[in-house]
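So the chains spell out like this:
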Amino acid sequence: MVIGSLLATVMPKPKNRVKVIYLTMFFSLGTENFILAFSRNPVLWCIGQVIGWLLVPVMSTSQNVIMRNSIPVELQGRVYACRNTLQFFTIPIGLLLGGLMVDEVCEPFMSVREGVWKQLFGSGKGAGAALAMFILGVAGVLMCTVFGNILNKYHYSD
């Protein structure tokens, strides 16, 4: 993230900040989750994490500029507090649901699968987690694609 922050500092001002947001998230969600899903090597997992988080500061910078330029100064504290509440209270919920999904859905699903499933995600412990990461990657890429196409009509520039 330090490298991503430096990158955000030296990059020229984007013409379309909304496009920067959904393209960086598309890249991050796609690369990180798919590398985690399809690799069996902890070194590759670390590389996937670095690649996945590299552009998050670039995305965050564009989001902050949009919010600071769009929200009246006297409301910014309330809006940021609301945004942070919605953003951060979901983390423990996501961890809980992710753990349940892996343990109760994906691991049992993978324990009885053979063929392509086994080739893609392996077998035994961790195969369900790999499947879950794949599902998250597909969902993230699809959401970025759909919302990116919708938001592209309403681009924000400053």
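Starting afresh in each chain, residues are numbered from 1 along the sequence in its written order. Note on the predicted model: pLDDT of at least 70 is required for a residue's local features to be given, and 80 or more for side-chain atom pairs to be given and counted; whole-chain, interface and lining totals, by contrast, use all residues. To get the side-chain values, all heavy atoms of the structure are used, and hydrogens and water are removed first.

Comments concerning the overall build of the chain
Heads up, the rule is: Runs of H or I in DSSP of at least four residues are treated as helices and runs of E of at least two as strands, each being numbered from the N terminus. The rule is simple: take the accessible area with a 1.4 Å probe, protein chains only, and divide by the maximum for that residue type; under 20% is buried, over 50% is exposed, in between is partly exposed. For this analysis, residues touch if any pair of their heavy atoms sits within 4.5 Å. Shrake-Rupley sampling with a 1.4 Å probe provides the accessible areas, and residues are treated as covered by the protein chains on show and by no other component. In this count, Lys and Arg are taken as positive residues and Asp and Glu as negative ones, while His and the chain termini are left out. Lysine's charge is taken at NZ, arginine's at CZ, aspartate's at CG and glutamate's at CD.
Along the backbone of the chain there are seven helices and zero strands. In terms of overall dimensions, the chain has a C-alpha envelope of 55 × 30 × 30 Å along the principal axes. For the chain, the proportion of its 158 residues judged to be buried stands at 29%. Put simply, 66% of the contacts in the chain that link residues at least 6 apart link residues at least 24 apart. Here the chain displays about 10200 Å² of accessible surface, and carbon together with sulfur accounts for 73% of that area. Side-chain charges in the chain split into 12 positive and 7 negative, and the spacing between the mean points of these groups amounts to 12 Å.

Overview of the nonpolar core
How we decide: The set of buried Ala, Val, Leu, Ile, Met, Phe, Trp, Tyr and Cys residues whose side-chain atoms join them within 4.5 Å is what this entry labels a nonpolar core.
Ranked by size, the top nonpolar core spans nine residues in total: Ala37, Val102, Cys106, Met110, Phe121, Ala127, Ala130, Leu131 and Ala132. When contributions to this core are tallied by element, the ones reaching two or more residues are helix H5 (73-111) and helix H7 (127-151). Looking at this core element by element, the count peaks at four residues for H7. Leaving out residues up to four positions away in the same chain, leucine 131 has contacts with Cys106, Phe109, Met110, Trp117 and Phe121.

So, the packing of helix H2 (residues 17-38) against H7
Keep this limit in mind: Every axis corresponds to a line fitted to the C-alpha atoms, with the helix fit spanning only the stretch in contact, and the corresponding angles, defined between N-to-C directions, vary from 0 to 180 degrees. To sort the angles, those under 35 degrees are grouped as roughly parallel, those over 145 as roughly antiparallel, those from 65 to 115 as roughly perpendicular, and the leftovers as oblique. Take the far helix as the reference: if the near one is turned anticlockwise from it by less than a right angle, the crossing is left-handed, and if turned clockwise, right-handed. Each residue gets one of three labels, nonpolar for Ala, Val, Leu, Ile, Met, Phe, Trp, Tyr, Cys and Pro, charged for Asp, Glu, Lys and Arg, and polar for the others, Gly among them.
Put simply, H2 and H7 touch, their axes get as near as 8 Å, and they point 165 degrees apart. Comparing the axis directions of H2 and H7 gives the class roughly antiparallel. Handedness of the crossing formed by H2 with H7: left-handed. Taken together, the residues of H7 that come into contact with H2 (itself represented by Val18, Tyr22, Met25, Phe26, Leu29, Gly30, Asn33, Phe34, Leu36, Ala37 and Phe38) are Ala130, Met133, Phe134, Leu136, Gly137, Val138, Gly140, Val141, Cys144, Thr145, Gly148 and Leu151. Class assignment for the residues of the contact of H2 with H7 results in 17 nonpolar, six polar and no charged.

What to know about the packing of helix H4 (residues 56-70) against H5
H5 packs onto H4 with a crossing angle of 140 degrees between their chain directions and a minimal axis gap of 10 Å. For the pair H4 and H5, the crossing hand works out as right-handed. Here H4 contributes Gln63, Asn64, Met67 and Arg68 to the contact with H5, which in turn contributes Gln76, Val79, Tyr80 and Arg83.

Thoughts on a nonpolar patch on the surface
Here is the rule: What makes a patch is a set of residues exposed beyond 30% relative accessible area and free of salt bridges, joined within 9 Å when like-charged and within 5 Å when nonpolar (Val, Leu, Ile, Met, Phe, Trp, Tyr). By definition here, a salt bridge exists when the distance from a side-chain nitrogen of Lys or Arg to a carboxyl oxygen of Asp or Glu is within 4 Å.
Among the surface-exposed residues, Leu86, Phe89, Ile93, Leu96, Leu97 and Leu100 lie close enough to one another that they form a single nonpolar patch of about 580 Å² accessible area. When you line up the elements, leucine 97 lands in helix H5.

Quick notes on the confidence of the model for the chain
Here is the rule: The predictor attaches a confidence to each residue, called pLDDT, with possible values from 0 through 100.
A residue-level look at the chain finds 97% of positions with pLDDT of 70 or above and a mean pLDDT of 91. Of all secondary-structure elements in the chain, the lowest mean pLDDT belongs to helix H6 (residues 116-121), at 89, while H5 reaches the highest, 94.

Regarding the packing of aromatic side chains
How we decide: Side-chain rings of Phe, Tyr and Trp (the six-membered ring for Trp) are treated as a pair once their centres are within 6.5 Å; stacked means planes under 30 degrees apart, edge-to-face means over 60, and tilted covers the remaining angles. Two conditions define a charge sitting above a ring: the NZ of Lys or the CZ of Arg must be within 6 Å of the ring centre, and it must be within 35 degrees of the ring normal.
Here the structure, examined in full by the defined rule, presents seven aromatic pairs. The lysine or arginine in question, arginine 113, covers the ring of phenylalanine 109, its NZ or CZ lying 3.9 Å from the ring centre.

Brief notes about the layout of surface pockets
The test is simple: Definitions used for this entry: grid spacing 1 Å over protein atoms alone; cavity, a set of points where a 1.4 Å probe fits but cannot get out; pocket, an open set with protein on both sides within 12 Å along at least 5 of 7 lines; lining residue, one with an atom within 4 Å of a point. Grid points are joined across faces, edges and corners, and a volume is the space filled by probe spheres set on the points.
Its boundaries defined by the atoms lining it, the largest pocket holds a volume of some 1700 Å³. Around the largest pocket, the lining is made up of 39 residues, and of these Met25, Leu29, Trp53, Gln87 and Ile91 lie nearest the centre. Grouping the constituent residues of the lining of the largest pocket by class yields 24 nonpolar, 13 polar and two charged. Lining the second largest pocket are 14 residues, with Leu36, Ser39, Trp45, Gly126 and Ala130 positioned closest to its centre. Broken down by secondary-structure element, the contributors of at least two residues to the lining of the second largest pocket are H2 and H7. With four residues, the top contributor of residues to the lining of the second largest pocket is H7.

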